[in-house]
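Each chain, written out:
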Amino acid sequence: MKINITSVWPIAVTALAPAIWGSTYIVTTNLLPQGYPLHAAMLRALPAGILLLLLVRQFPKGLWALRVFVLGGLNFTLFWAMLFVSAYRLPGGVAATVGAVQPLIVIALARLVLGTPIRLAVILAACIGLAGVALLVLTPKAALDPVGIAAGLAGAVSMAAGTVLTRHWRPPVSNLTFTAWQLTAGGLLLVPLALMLEPALPTLTPLNYLGFAYLGVIGAAFTYLLWFWGIARIEPAAVAALGFLSPLVATLLGWALLGQSLSLLQGIGFIAVLVSVFIAQRRASAAVK
């Protein structure tokens, strides 16, 4: 079988983003002050956005100013806020599994907004990936909380809508500028939420600063630069399927760095996630501009 490098390259580059996001759990739990999720989200997005704005020195005007805040609100503000609510109210495995419905939502929204045809193979890939994530992270003691489930679903819808609209609204600027705009807008929207709903941060330690720097520069600025670049070149359903790599990497890091065990079912889930990603990329016509 001949491999088309022009199709594989965008997928490989974009896949780096969710793979790196898989390290977020370890960094958050080991390097950040605990109990400040909205502050953590704000300090992940806003400094990274401002840093990129200083590089591009270009600001949105007119209709794009509104669109950028809509996209920043969906991709960062609402998504990260709901993600943290879900994570606090649900066991990690349940929260990850609920969030894994995002590719199915993307398929539906891409049909409505972009007119993208719904392919049976892509739906199958999303279902396999969802099952794989469940096998990777769910435990027999997993409990269900209605508010946590609702928050997880809201976060999945928010990220899915952001993914589709980012593809639909293509600004007349570079990907670097577009990323700077969204991160800054999302971070600004998080400021009042963090200040109103959480107490002030304690005095930060050097490890705290290291954790925030990693999440901002690597986990936000760098990864979302890759993610938005990929959205412009790959079908939304194929991009969303790459998100399954995040819990996969998180599980591997837990095994490698924290000494967590891996069961046979997790091994099956690992394979299922890889199969899902392969099918999605193979069948979703990953087209390069």
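Residues numbered from 1 in each chain as written. Predicted model: local features only at pLDDT ≥ 70, side-chain atom pairs only at ≥ 80, totals over all residues. Heavy atoms only, no water.

Visitor: Would you explain the overall build of the protein in this entry?
Guide: Check the secondary structure of the protein and you find 13 helices and 0 strands. Taken over C-alpha atoms, the radius of gyration comes to 18 Å for the protein, in line with the 19 Å a tight globule of 289 residues would show. Taken along the three principal axes of its C-alpha coordinates, the protein extends 55 × 50 × 35 Å. Taken across its 289 residues, the protein has 51% of its residues classed as buried. (Helix = DSSP H or I, 4+ residues; strand = E, 2+ residues; numbered from the N terminus. Rg over C-alpha atoms; globule rule 2.2 N^0.38 Å. Buried < 20%, exposed > 50% of the residue type's maximum accessible area, 1.4 Å probe, protein only.)

Visitor: Would you mind showing me how to read the confidence of the model for the protein here?
Guide: Atomic detail in the predicted coordinates should be set aside for any region of low pLDDT. Mean pLDDT over the protein stands at 87; residues scoring 70 or higher make up 91%. The secondary-structure element of the protein with the lowest mean pLDDT is helix α5 (residues 92-99), recorded at 70, while helix α9 (residues 175-197) shows the highest, at 95. (pLDDT = per-residue confidence, 0-100.)

Visitor: I keep staring at empty space enclosed by the protein and nothing clicks. Help me out?
Guide: In this approach, a probe sized like a water molecule rolls over the atoms, and the result shows the empty space that is left. Here the structure, examined in full by the defined rule, presents 3 cavities of 30 Å³ or more. Estimated volume of the largest cavity: approximately 70 Å³. Considering the residues around the largest cavity, the lining is formed by 10 residues, among which Ile107, Thr116, Pro117, Ile118 and Ala237 are closest to the centre. Grouping the constituent residues of the lining of the largest cavity by class yields 7 nonpolar, 1 polar and 2 charged. (1 Å grid on protein atoms, 1.4 Å probe; cavity = no way out; pocket = protein on both sides within 12 Å on 5 of 7 lines; lining within 4 Å. Points joined across faces, edges and corners; volume = space filled by probe spheres on them. Nonpolar A, V, L, I, M, F, W, Y, C, P; charged D, E, K, R; others polar.)

Visitor: Help me out: how do you make sense of the environment of Leu135 in this one?
Guide: Take Leu135: it is sitting in helix α7 (residues 120-137). Taking the relative accessible area as the measure of exposure, Leu135 reaches 31% and is therefore partly exposed. Distance in space between the C-alpha atoms of Leu135 and Ile268 is 7.2 Å, their sequence separation being 133 residues. With residues near it in sequence (within four places) discarded, Leu135 still touches Leu265, Gln266, Ile268 and Gly269. (Contact = heavy atoms within 4.5 Å.)

Visitor: Would you take a moment to explain the packing of helix α6 (residues 102-114) against α7 for this structure?
Guide: Two packed helices can be described by the angle between their axes and the distance between those axes. Closest axis-to-axis distance for the α6/α7 pair is 8 Å, and the angle between their directions is 155°. Judged on the interaxial angle alone, α7 and α6 are roughly antiparallel. Within the contact between the two elements, α6 uses Pro103, Leu104 and Ile107 and α7 uses Val122, Ile123, Ala126 and Cys127. Broken down by class, the residue content of the contact of α6 with α7 amounts to 7 nonpolar, no polar and no charged. (Axes fitted to C-alpha atoms, helices over the stretch in contact; angles between N-to-C directions. Parallel < 35°, antiparallel > 145°, perpendicular 65-115°, else oblique.)

Visitor: Could you clarify how one ought to interpret helix α12 (residues 245-257) in this entry?
Guide: Residues separated by three or four positions in an α-helix point in the same direction, a consequence of the helix having 3.6 residues per turn. The terminal C-alpha atoms of α12 lie 18 Å apart, and with 13 residues this matches the ideal 18 Å at 1.5 Å per residue to within 8%. For α12, the full list of buried residues reads Leu245, Ser246, Pro247, Leu248, Val249, Thr251 and Gly254. (Expected span 1.5 Å × (residues − 1).)

Visitor: Looking at this structure, how should I read the nonpolar core?
Guide: In this structure, Trp80, Leu183, Tyr224, Trp227, Leu242 and Val273 are the most contacted members of the largest nonpolar core, which totals 54 residues. In this view, Leu242 contacts Ile11, Thr14, Ala15, Pro18, Trp227, Val277 and Gln281; residues no more than four positions away in its chain are not counted. Of all hydrophobic cores here, the second largest spans 8 residues; its members include Ile105, Ala110, Ala156 and Ala160. (Core = buried A, V, L, I, M, F, W, Y, C linked by side-chain atoms within 4.5 Å.)

Visitor: Just checking my understanding: could you explain the environment of Ala125 for this structure?
Guide: Its location among the elements puts Ala125 in helix α7. Residue Ala125 is classed as buried on the basis of its relative accessible area, which comes to 1%. Spatially, the C-alpha atoms of Ala125 and Ile279 are 5.8 Å apart, while their sequence positions differ by 154 residues. Once residues lying within four places of it in the same chain are set aside, the contact partners of Ala125 are Phe244, Ser276, Ile279 and Ala280.

Visitor: What is the right way to read the UniProt feature "domain: EamA" (unreviewed entry) in the protein from this model?
Guide: Within this numbering scheme, the UniProt entry marks residues 11-137 and 148-279 as carrying the feature "domain: EamA" (unreviewed entry). Between the end C-alpha atoms of residues 148-279 there is a gap of 30 Å, over a span that is 80% helix and 0% strand. (UniProt positions renumbered as here; feature names shortened; annotations may be inferred.)

Visitor: How do you make sense of a nonpolar patch on the surface when you look at a structure like this?
Guide: Taken together, Leu51, Val217, Ile218 and Phe222 make up a surface patch of nonpolar side chains, about 300 Å² in accessible area. Examining the composition of the nonpolar patch, we find that 3 residues originate from one element, helix α10 (residues 206-231), more than from any other. The residue Ile218 is located in helix α10 in this model. (Patch = residues over 30% accessible without salt bridge, like charges linked within 9 Å, V, L, I, M, F, W, Y side chains within 5 Å. Areas by Shrake-Rupley, 256 points an atom, 1.4 Å probe, with all protein chains shown as cover. Salt bridge = Lys/Arg side-chain N within 4 Å of Asp/Glu carboxyl O.)

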